[in-house]
Amino acid sequence: SCSKILLLCTLSGGGLLSYSESQSESITGSPASNTNSDVPAKKKVIVLGTGWGGTSFLKDLDASLYDVQVVSPCNYFAFTPLLPSVTCGTVEARSIVEPVRNMVKKRKGDIKFWEAECLKIDHANKTVLCRSNIGNNLVGSGEFSLEYDYLVVAIGAQVNTFNTPGVKEHCHFLKEVEDAQKIRRAVIDCFEKAVLPSLSDEERRTNLHFVVVGGGPTGVEFAAELHDHFQEDLVNLYPSVKDFVNITVIQSGDHILNTFDERISLFAEEKFGRDGIKVQTGRRVISVDDKNITMKAKSTGEIYSVPHGLVIWSTGIATRPVVRDFMEQIGQGKRHVLATNEWLRVKGCESVYAIGDCSSIDQQKIMDDISAIFEAADKDKSGTLTVAELKDVLDDIIVRYPQFELYLKSKHILDLSTLWKDSEGNYREEIDIEGFKMALSHMDSQMKSLPATAQVASQQGEYLARCFNRMHQCEEHPEGPRRFKGSGRHTFLPFRYKHFGQFAPLGGEQAAAELPGDWVAMGHSTQWLWYSVYASKQVSWRTRMLVISDWTRRFIFGRDSSRI
Ligand code: FAD
């Protein structure tokens, strides 16, 4: 999702990995990296993916400690939060990407990069099978296999079509840089086609009906960008068809931006209403073809079709096939994403770690932790807590699992006045723990996971890198930074996510933001905050300068509407 999240990434706590001493004795090294037989071979670390998780891991890893190889079909890192801006030419595609080789050459140690796709993770043999996707002039099939001691899976996720007929064939997605470039060309195509002399007014109207499926942050931001592009640039270039343009956002829930504070959802809906962007909530798309999009109204069950010129599908993410195959090998076949423990190690795999959109901390473990927090608070073992005690417990849960905050807020549970009263409005002294735990365990499983955002992925990457750096120290100093009594193992603090808030740009130089400490900001000044945060969060000075100059160019000259 394109939640415009402040991309601040701090390390949460120390590091992870409990590692046993016996493990350190069975190091298999890379012959190429060690010529002196007295020097222990470096362990081989393979990183799959160069997105938010992979690059933040590489950025902080002390690569001189390991034999590091990186595999990714993209030889660049893309700053995804600005992808919606690329769809309309507000920023150029090259301004938001940084070559991986630029990033790794600045790192201490030797990091090898292979531009290839991982086809299979062979858990039993600790190898990954890869295939280069460059051209046709490869020797053989372009396939090769790499051995690992540690594998870091950071390959993100793919678009989720929910197997809706026609979506793959007739919709545009907004996940990769290429997708944004394709959308940019397709939008201009729609306008060029609509002004052709042979078309009827009805056909012009159809061609200029832009439908966005999904009212999450990505869909909303794209609709807002498109509206701005039309109002600020295209209306002057295609004046004859300006009255035929329509933008519709289709959302299955009751509100758009429903992962945000409800004041932001309402503000966005009102703003879109004023701008003439139609928002249709409570609709589920059941099929798409080259001319029509067919949907069902959830409340009435009515099925109807509307003609479209362009459909953008932005409804969430699904597991990549290579991860699905790996999950089946390790008995996680029924899950949506790879389950890890709190140290980001894949459950049941000693040497595989997973970060970012392809992983999630095991939910049973989360619920067990929450039970433990309740039990610790229930000192007299009465099975009840006072309202004040419960408030402390909830605060504790939110610190450890910030994803619960949204749920608790949406049920008004964090509001003390709600806690004081029972369902009949009577004041109560104590609250039953079991009932409360039950309510939390019934929470939607998606909500129990951390959000699939750059903010989470990059914090996990940083955290894991620090752990890898310290894991090596543990080998040299077996007494380790902390020792679990009697277990003979060393341990680090588990991963803790810190939520820094999220942005939703709404067009017309206005944005909304949810900031830490329950702050909600909306309007023009928030848009300026958005500009400064996103400029500061660029991964290099080069991209920072490019992005700022693109914004300036757009202010002065408008967007470029050439179809190249
Ligand atoms: P990715 O960043 O997707 O990286 C995956 C990497 O794996 C890529 O390099 C890919 O090429 C590589 N890969 C894929 N398949 C293979 C394979 N078989 N073998 C090897 N490598 C492979 N989050 C925010 O916090 N704030 C925002 O404002 C925001 N806006 C967004 C806007 C858009 C349009 C989109 C699409 C997402 C947005 N997100 C935002 C979400 C954020 O981009 C993701 O959560 C984040 O990219 C996840 O990081 P990741 O490392 O798990 O995966």
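Conventions we followed
Just so you know, the residues in each chain are numbered from 1, in the order the chain's sequence is written. For a predicted model such as this one, the threshold for reporting local features is a pLDDT of at least 70, and the threshold for listing and counting side-chain atom pairs is 80 or more; totals across whole chains, interfaces and linings nevertheless cover every residue. With hydrogens and water set aside, each side-chain value is computed from the structure's full complement of heavy atoms. Convention adopted: a line fitted to C-alpha atoms gives each axis, helices being fitted over their contacting stretch, and angles between N-to-C directions are expressed from 0 to 180 degrees. The helix and strand labels rest on DSSP assignments: H or I over at least four residues marks a helix, E over at least two residues marks a strand, and numbering proceeds from the N terminus. Under this scheme an angle from 65 to 115 degrees is roughly perpendicular, one under 35 degrees roughly parallel, and one over 145 degrees roughly antiparallel; angles in between are oblique. The contact criterion used is simple: two residues touch if any of their non-hydrogen atoms lie within 4.5 Å. Residues are sorted three ways: Asp, Glu, Lys and Arg are charged, Ala, Val, Leu, Ile, Met, Phe, Trp, Tyr, Cys and Pro are nonpolar, and all the rest, Gly among them, are polar. In what follows, salt bridge is the name for a side-chain nitrogen of Lys or Arg lying within 4 Å of a carboxyl oxygen of Asp or Glu. Only protein chains enter the accessibility calculation, which uses a 1.4 Å probe; a residue whose area is less than 20% of its type maximum is buried, one above 50% is exposed, and one in between is partly exposed. Helix crossings get a hand from a simple test, with the near helix turned counterclockwise from the far one by less than a right angle marking a left-handed crossing and a clockwise turn marking a right-handed one. Take the buried residues of types Ala, Val, Leu, Ile, Met, Phe, Trp, Tyr and Cys, join any two whose side-chain atoms come within 4.5 Å, and each joined set is a nonpolar core. The split of the chain into domains comes from an automatic or database domain assignment. Here a cavity is any set of points on a 1 Å grid over the protein atoms alone where a 1.4 Å probe fits but cannot get out, and a pocket is any open set with protein on both sides within 12 Å along at least 5 of 7 lines; a residue lines the site when it has an atom within 4 Å of a point. Grid points are joined across faces, edges and corners, and a volume is the space filled by probe spheres set on the points. The criterion for an aromatic pair is that two Phe, Tyr or Trp rings (for Trp, the six-membered ring) have centres within 6.5 Å, with stacked assigned to planes under 30 degrees apart, edge-to-face to planes over 60 apart and tilted to the rest. Lysine NZ or arginine CZ positioned within 6 Å of the ring centre and within 35 degrees of the ring normal marks a charge as sitting over the ring. Patch membership is restricted to residues that have no salt bridge and whose relative accessible area is over 30%. Joining uses 9 Å for like charges and 5 Å for the nonpolar side chains Val, Leu, Ile, Met, Phe, Trp and Tyr. Under the convention used here, a 1.4 Å probe and the Shrake-Rupley method define accessible areas, while residue burial counts only the protein chains that appear. Charge assignment: positive for Lys and Arg, negative for Asp and Glu; neither His nor the chain ends contribute. Here the site of a charge means NZ on Lys, CZ on Arg, CG on Asp, or CD on Glu. Take the residue count of a helix, subtract one, and multiply by 1.5 Å to get its expected span. Pairing between two strands requires that DSSP report at least two bridges joining them.

Engineer: So, the packing of helix α18 (residues 524-536) against helix α19 (residues 541-557): which residues are in play, and what are the values?
Structural biologist: Between α18 and α19, the shortest axis-to-axis distance is 9 Å and the interhelical angle comes to 150°. Compared by their axis directions, α18 and α19 come out roughly antiparallel. On the side of α18, the interface is formed by W528, W530, Y531, Y534, A535 and S536, while α19 contributes R544, I548, W551, R554 and F555. Of the residues that constitute the contact of α18 with α19, the class distribution is eight nonpolar, one polar and two charged.

Engineer: So, the pattern of salt bridges: which residues are in play, and what are the values?
Structural biologist: If you walk through the whole model with that rule in mind, you get 22 salt bridges. The partner of E143 in a salt bridge is R131, and the shortest N-O contact between them spans 4.0 Å. One end of the pair, E143, is in strand β9 (residues 143-147); the other, R131, is in strand β8 (residues 127-132), with 12 residues separating them in the sequence. Judged by its relative accessible area of 39%, E143 falls in the partly exposed class. For R131, a relative accessible area of 34% puts it in the partly exposed group. When salt bridges with common partners are traced through the structure, they connect E232, D233, E509, R554 and R559 into a single cluster.

Engineer: So what's going on with the packing of helix α6 (residues 177-194) against helix α8 (residues 217-237)? Residues and values would help.
Structural biologist: α8 packs onto α6 with a crossing angle of 50° between their chain directions and a minimal axis gap of 13 Å. Taken together, the axis directions place α6 and α8 in an arrangement best described as oblique. You can see that α6 and α8 cross each other, and the crossing is right-handed. Every residue of α8 that contacts α6 at I183, V187, I188 and F191 is listed here: F222, L226, H229, F230 and L234.

Engineer: For the nonpolar core, give the residues involved together with the corresponding values.
Structural biologist: One recurring pattern in soluble globular proteins: nonpolar side chains tend to sit buried together. With 65 residues, the main nonpolar core has L82, I96, F191, L208, F210 and W551 as its most contacted residues. Residue contributions to this core peak at nine residues, all from α6. When residues are assigned to domains, this core turns out to be shared by domain 1 (8-157 + 319-361 + 452-490) and domain 2 (160-316), each giving three or more. If near-sequence neighbours (up to four positions away) are discounted, F191 is found in contact with L208, F210, F230, L234, Y238, V241 and V245. Within the second largest apolar cluster, 52 residues are counted, among which are F374, L390, I397 and C467.

Engineer: An account of unusual backbone geometry is needed here, citing residue identities and associated values.
Structural biologist: Located in the positive-phi region is F162, a residue other than glycine, with phi close to 55°. Tracing the backbone shows F162 in the loop between β11 (158-159) and α5 (167-170). The backbone of K381 sits at a positive phi, close to 55°, despite the residue not being glycine. As for its placement among the helices and strands, K381 is situated in the loop between α11 (363-377) and β24 (384-386).

Engineer: Explain empty space enclosed by the protein to me, using residue names and the numbers behind them.
Structural biologist: A full pass over the atoms with the stated rule returns two cavities of 30 Å³ or more. Computed from the structure, the largest cavity encloses a volume of approximately 160 Å³. As for the largest cavity, its lining consists of 16 residues, and the residues nearest its centre are E225, D228, Q527, W530 and Y531. The set of elements that each furnish at least two residues to the lining of the largest cavity consists of α8, β27 (502-507), α18 and α19. The greatest single-element share of the lining of the largest cavity, amounting to four residues, is contributed by α8. Here the residues of the lining of the largest cavity sort into six nonpolar, four polar and six charged.

Engineer: Report on the packing of aromatic side chains, specifying residues and quantitative values.
Structural biologist: Two measures describe an aromatic ring pair: the distance that separates the ring centres and the angle between the ring planes. Scanning the model with the defined rule gives 20 aromatic pairs in all. Plain terms: the ring middles of W528 and F555 are 6.3 Å apart, the flat faces sit at 5° to each other, and that makes the pair stacked. Here W528 is found in helix α18, whereas its partner F555 is found in helix α19, with 27 residues between them in sequence. One aromatic cluster is present, built from ring pairs that chain together W52, F77, F79, F503, W528, W530, Y531, Y534, W551 and F555. Above the plane of the ring of W541 lies R544, whose end atom (NZ or CZ) is 4.4 Å from the centre.

Engineer: Can you tell me about a nonpolar patch on the surface, naming the residues and giving the values?
Structural biologist: A surface patch of nonpolar side chains, amounting to about 530 Å² of accessible area, comprises W528, F555, I556 and F557. In terms of residues, the nonpolar patch owes the most to one element, α19, which gives three residues. By relative accessible area, W528 is classed as exposed at 52%.

Engineer: Provide a residue-level description of a negative patch on the surface, including the pertinent values.
Structural biologist: Together, D380, E389, D392, D396 and E430 make up a negatively charged patch on the protein surface. Residue contributions to the negative patch peak at three residues, all from helix α12 (residues 387-400). By secondary structure assignment, the location of D380 is in the loop between α11 and β24.

Engineer: If you had to explain α6 to someone new, which residues and values would you point to?
Structural biologist: Under the 1.5 Å per step criterion, the end-to-end length of α6 is 26 Å for 18 residues, consistent within 8% with the ideal 26 Å. For α6, the set of buried residues is V177, D179, A180, I183, R184, A186, V187, I188, C190, F191 and A194.

Engineer: Could you give me a rundown of the pairing of β27, with the residues and numbers involved?
Structural biologist: Burial analysis of β27 places six of its six residues in the buried class, the great majority of the element. Taken together, β27 and the strand that follows it, strand β28 (residues 510-515), pair antiparallel across an intervening segment of two residues, in which G508 is found at a positive phi of about 60°.

Engineer: Could you give me a rundown of the sheet that holds strand β13 (residues 209-213), with the residues and numbers involved?
Structural biologist: The strand order β12-β19-β13-β14-β15 describes an open sheet built from five strands, whose pairing is parallel. Of all the strands in the sheet, the pair left with one neighbour each is β12 (172-173) and β15 (278-281). Here four bridges tie β13 to strand β19 (residues 310-313), and the two strands are oriented parallel to one another. The residue bridging V213 from the neighbouring strand is W313, located in β19.

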